[in-house]
Amino acid sequence: MQTVNEVSKLTGVSVRTLHYYDTIDLLKPAKITEAGYRLYDNAALKRLQNILLFRELKFSLKEIKAILDSPVFDPEEALKQQIKLLELRRKHIDELICFAHEIQRKGVDKMDLNDFYKTEIGQYAEEVKERWGSTKAYKEYEQKTKEKTDREIDMTADKLLSLFVEFGTLRKLPPAKREVQEKIAELQAFITENYYNCTDEILCGLGQMYVSDERMKHNIDKAGGEGTAEFVKQAVEVYCKAETV
């Protein structure tokens, strides 16, 4: 058993934060002494490890609690997803370093930035154009992105990819589960904010596209793990049916 001060020194998490995690039932101590001191065992430290990794990956405390408290939470699978997200971050940082070196060597005015910050999922805009090139949704997408830099566009695409990574951590839950449906609502809101008004009809079409388009399916499953694309499609169907009831 370790005291709250010992855990704070070990992990770098402040005592105040550990107390807060206890208050919101995110991380409970294994035992509280008669004197009121919190004590943490190995199980609590493992849970804290997951909390810290998910926090580093920008998950909210509410999302982390829902994941860790899920009856089907799989620590090994979650770690795979955490590693995947960290690898994506490392890749992004490596690209930034290469970019800086190129500026040193060539100067910004001599660089071709057209291919910089490109990600596979960022190319989905081309899929949208092919399918909806003359639709109101695509015109709205063009309007929203015309003043954005390539970097801003691709950073948005990276955030979209991160959502699918998060879906991967939830895919063993039933698609109708509350936290899954909340994540679908977040996906819909993200698309509306960054691309076009994602109506339930469009969202339903996207869900189908995630599995019918082999490249999309491959990239989504690569991000979230095998079966993520199908899981999102099923969750979208549940969400859209609930919205129409």
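Just so you know, these numbers come straight off a predicted model, no measurement behind them. (Residues numbered from 1 in each chain as written. Predicted model: local features only at pLDDT ≥ 70, side-chain atom pairs only at ≥ 80, totals over all residues. Heavy atoms only, no water.)

Draft legend 1. Molecular detail of the nonpolar core. Counting 54 residues, the largest nonpolar core has L187 and Y210 as the members making the most contacts within it. Examining the composition of this core, we find that eight residues originate from one element, helix α8 (residues 150–170), more than from any other. Not counting chain neighbours up to four residues away, the residues in contact with L187 comprise L160, L163, F167, L203, Y210 and V232. (Core = buried A, V, L, I, M, F, W, Y, C linked by side-chain atoms within 4.5 Å. Buried < 20%, exposed > 50% of the residue type's maximum accessible area, 1.4 Å probe, protein only. Helix = DSSP H or I, 4+ residues; strand = E, 2+ residues; numbered from the N terminus. Contact = heavy atoms within 4.5 Å.)

Draft legend 2. The arrangement of the packing of helix α10 (residues 200–212) against helix α11 (residues 214–224) in detail. The contact between α10 and α11 brings their axes to 5 Å, and the two run at 85°. When the axes of α10 and α11 are compared, the pair comes out roughly perpendicular. Residues M209, Y210, V211 and S212 of α10 touch α11, and the partners they reach there are E214, M216, K217 and I220. Looking at the contact of α10 with α11 residue by residue, the class counts come to five nonpolar, one polar and two charged. (Axes fitted to C-alpha atoms, helices over the stretch in contact; angles between N-to-C directions. Parallel < 35°, antiparallel > 145°, perpendicular 65-115°, else oblique. Nonpolar A, V, L, I, M, F, W, Y, C, P; charged D, E, K, R; others polar.)

Draft legend 3. View of the pattern of salt bridges. Considering all chains together, one arrives at 11 salt bridges under this definition. Of the charged contacts, one joins K28 and D22 as a salt bridge, the two residues approaching to 2.6 Å between their closest N and O atoms. What makes K28 partly exposed here is its relative accessible area of 43%. You can call D22 buried: its relative accessible area is 6%. Between D25 and K28 there is a salt bridge, and its shortest N-O distance comes to 3.3 Å. Bridged by salt links that share partners, the residues D22, D25, K28 and R38 form one connected network. (Salt bridge = Lys/Arg side-chain N within 4 Å of Asp/Glu carboxyl O.)

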